Amino acid sequence: MIGLTLTENSLEKNLLLCQNHADQIDIAELRVDLLDEQDILEPIIRFPSVAPVPIILTYRRSRDGGAYTRSERLRIQRLKRLFSGAFAYVDLEEDLQHSGLEQAAADHNIKVIRSFHDMHQVPGDFLKRITRIAEQGEIPKAAVMPTSFADVSRLFSCAKELEKIDRKILIGMGVFGVPTRILYRRCGSMLTFCAGAGTRRGAPGQLTPEQLKTLYRADTISAKTAVYGIIGNPVMHTASPAIHNSGYMKLGIDAVYVPFHVDDIRNFLNFAEANEVRGFSVTIPHKKQILPFLGKVSREVKQIGSCNTVIREKGLWKGINTDYYGFLHPILEDLETGLIRKALVIGAGGADRAVVWGLRNFSAHVGIVNRTHSSAVKLAEETGSRAYSTSELEELREAGDESVQFDLVVQTTSVGMEPDITADPLPSYRFRGDEIAYDLIYTPKVTKFLQRASQAGCRIVYGYEMLYQQGVLQFKSFTGVDYPQQL
Ligand code: ATR
């Protein structure tokens, strides 16, 4: 089941939230502690009979991450009265043992979810506590905070040990916990929680109903579903899940592509091996650090020293670099026909290595200009290119030097990326109008750099073309089939 947590401060707003997402959710959790008028019980009692999905009744104390701060006696009193509403479940905390409360719930046919919360860690006695609750005949719920990928891995392996308990809820909170929310069925959890977009409790790691139902199709994931993903830190902003998951859906492939917030590659690989992850994309800051863990690498990875795609092949992790081909794709014909002979690359960071090597492998002369000149010199030495300082480049161009009349200018830095969209990485560069201008940034689509180039009459290549192409190539190497032409 996909469950929506209702975190608005009034019943009207919560009902609307529930109605707006009714086709994406199976159940909703009413957080009574977040209501402004939680002392007026009658409308709360009526809520489940007007809501479009079954409702879990939750009255959360502040020490468990809720907002209720008054006496325990009053909370129990109110809970008992609320039981006369048609709630499907009530969430009671592990340490709340009040004679008569469980019986009152049972009398009203309300099932008890017995929960514990740890907002700081995955507690050491996690397994024991879940088992004990299940032995009492109640549904255990653990909402815990993984603070490393090792914790995430532990949650998944605990889930295997708890396989015999069919009705339980396991949630890893925060950005590390995202895979537990998407792969909830793999964790043996009967329920995953999400929050309405823009609601006041949209904590880090919370997904929206649209994401869980439509993007990840979390409720259809089974033991047979192929798991792919992306590792990075940060990772939640990447466009790759949208590219890959829409491809699987369009082609009817039983697969899911999950964002993994990873702090330690070794721990992720242990997890990936234990949970049969078949391949994954790699983003900042792991593109270089992944290399020692790869059993096999492609020619480009060896040359560039950076890997953005890893595939499980015959018991080994094989690394390839689709950034390299993704970058080349939009300008391939120009390189092959010799239209591009001289190129200027702005920047000398991680992404530049694929760009410079790509151009050099087609025998283009490459100039590199970078804020930190020494990095440009280093990359130029390695790749047989030439480094220019900004002033040197300006002087040579003003003097009409042929060697700096470029056919292609590639912008690879983060300058001009959202939110600072008015920034220009090389304001002194005057476009002639007959060069190709290529920006690797894809948010915004048209950067300041591309705007200037376009005004001068240049042909422009957008960053999303590279992003899309590298994704398409990854899709093929993961699944063996071509990315759909139309989504
Ligand atoms: P990496 O890709 O290796 O992680 P990065 O920090 O993202 O590196 O930077 C990528 C490129 O953008 C580098 O060439 C960087 O210039 P420096 O080598 O001088 O750091 C460039 N860059 C980042 N911010 C910049 C800025 N504000 N002005 C100019 N160049 C910048």
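The text that follows walks through the structure, step by step, so that each part is easy to find. Please read all numbers here as calculations on a predicted model, not as lab measurements. (Residues numbered from 1 in each chain as written. Predicted model: local features only at pLDDT ≥ 70, side-chain atom pairs only at ≥ 80, totals over all residues. Heavy atoms only, no water.)

1. What to know about the site of the ligand
Near the ligand, the surroundings consist of G347, A348, G349, G350, A351, N370, R371, T372, S375, T413, S414 and V415. Contacts to the ligand include N370, whose side-chain N or O atom sits 2.7 Å from an oxygen atom. For the ligand, whose unbound accessible area comes to 620 Å², protein coverage reaches 60%. When its residues are assigned to classes, the shell around the ligand shows three nonpolar, eight polar and one charged. (Near = heavy atom within 4 Å. Polar contact = N/O pair within 3.5 Å; in protein donor to acceptor, adjacent residues only side chain to side chain. Areas by Shrake-Rupley, 256 points an atom, 1.4 Å probe, with all protein chains shown as cover. Nonpolar A, V, L, I, M, F, W, Y, C, P; charged D, E, K, R; others polar.)

2. Notes on the nonpolar core
One finds F126, F268 and F280 to be the most contacted residues of the largest nonpolar core, which totals 84 residues. It is helix α6 (residues 149-161) that provides the largest number of residues to this core, a total of six residues. When residues no more than four places from it in sequence are discounted, the contact partners of F126 are F116, A142, V144, L155, C158 and L170. Core analysis: the second largest hydrophobic core is formed by 29 residues, L328, A343, A354 and V356 among them. (Core = buried A, V, L, I, M, F, W, Y, C linked by side-chain atoms within 4.5 Å. Buried < 20%, exposed > 50% of the residue type's maximum accessible area, 1.4 Å probe, protein only. Helix = DSSP H or I, 4+ residues; strand = E, 2+ residues; numbered from the N terminus. Contact = heavy atoms within 4.5 Å.)

3. Topic: a nonpolar patch on the surface
A surface patch of nonpolar side chains, amounting to about 270 Å² of accessible area, comprises Y442, Y464 and Y468. As for its placement among the helices and strands, Y464 is situated in helix α19 (residues 463-479). (Patch = residues over 30% accessible without salt bridge, like charges linked within 9 Å, V, L, I, M, F, W, Y side chains within 5 Å. Salt bridge = Lys/Arg side-chain N within 4 Å of Asp/Glu carboxyl O.)

4. Things to note about the sheet that holds strand β18 (residues 408-411)
Read across the sheet, six strands follow the order β17-β16-β15-β18-β19-β20 without closing on themselves; strand pairing throughout is parallel. Strands with a single pairing partner mark the edges of an open sheet, and in this sheet they are β17 (386-388) and β20 (459-461). Taking the axes of each pair of neighbouring strands and ignoring which way they run, one obtains an average angle of 20° across the sheet. Summarising the sheet, β18 and strand β19 (residues 436-439) pair through four bridges and their orientation is parallel. (Pairing = 2+ DSSP bridges. Axes fitted to C-alpha atoms, helices over the stretch in contact; angles between N-to-C directions.)

5. Things to note about the packing of aromatic side chains
Pairs of aromatic rings are described using the distance from one ring centre to the other and the angle between the two planes. For the coordinates displayed, the defined rule picks out 22 aromatic pairs. Taking 6.1 Å as the distance between ring centres and 40° as the angle between the ring planes, the aromatic pair formed by F268 and F271 counts as tilted. Taken together, the positions of F268 and F271, both in helix α10 (residues 265-274) and three residues apart, correspond to about one turn of that helix. With a centroid separation of 4.9 Å and 80° between ring planes, the pair formed by F268 and F280 is classed as edge-to-face. Of this pair, F268 sits in helix α10 while F280 sits in strand β11 (residues 277-282), placing them twelve residues apart in sequence. Given the relative accessible area of 0%, F268 is considered buried. For F280, a relative accessible area of 0% gives the class buried. Grouping aromatic residues by their ring pairs yields a cluster made of F149, F156, F260, F268, F271, F280 and W317. The residue whose ring lies beneath R129 is F116, and the NZ or CZ to ring-centre distance is 4.0 Å. (Phe/Tyr/Trp six-rings, centres within 6.5 Å; stacked < 30°, edge-to-face > 60°. Lys NZ or Arg CZ within 6 Å of the ring centre and 35° of its normal.)

6. Some points on the side chain of R78
Mapped onto the secondary structure, R78 falls in helix α3 (residues 72-82). Buried and unpaired, R78 has D39 as its nearest opposite-charge partner, separated by 5.2 Å. Setting aside anything within four residues of it in sequence, one finds R78 in contact with Q38, D39, L41, Y59, Y68 and R70. (Lys, Arg positive; Asp, Glu negative; His and termini not counted.)

7. Examining the sheet that holds strand β12 (residues 296-297)
Reading across the sheet, the six strands line up as β10-β9-β11-β13-β14-β12 and stay open at both edges, with mixed pairing between neighbours. Each edge of the open sheet carries a strand with a single partner, namely β10 (255-261) and β12. Across seven bridges, the pairing between strand β9 (residues 226-232) and β10 is parallel. Paired with G229 across the strands is V258, a residue of β10. Where α19 meets the sheet, it contacts β9, β10, β11, β13 (309-313) and β14 (316-320), and its direction lies at approximately 10° from that of β13.

8. Here's the deal with a negative patch on the surface
A surface patch of negative charge is lined by E12, D36, E37 and D39. Along the polypeptide, E12 turns up in helix α1 (residues 11-20). (Charge placed at Lys NZ, Arg CZ, Asp CG, Glu CD.)

9. A closer look at the pairing of β9
The buried fraction of β9 is high, at seven of seven residues. Once the chain exits β9 it traverses helix α9 (residues 240-251) before rejoining the sheet at β10, and the crossover so formed is right-handed. In this structure, β9 lies alongside β11, joined through five bridges in parallel fashion. Counted as the bridge partner of I231 is V282 from β11. (Right-handed = clockwise from strand over helix to strand, strands pointing away.)

10. Describing the pattern of salt bridges
Counted by the stated rule, this structure contains 33 salt bridges. We note a salt bridge from E93 to R75, for which the minimum N-O separation is 3.0 Å. Here the residue E93 occupies a position in strand β4 (residues 89-93), and R75 occupies one in helix α3, the gap between them amounting to 18 residues. The class for R75 is buried, based on a relative accessible area of 1%. In this structure, K318 and E313 form a salt bridge, with 4.0 Å as the shortest nitrogen-oxygen distance. Look at E313 and you get partly exposed, because its relative accessible area is 29%. Three or more residues joined by partner-sharing salt bridges are found here, namely E29, R60, R61, R63, D64, E72, R75, D91, E93, D95 and K141.

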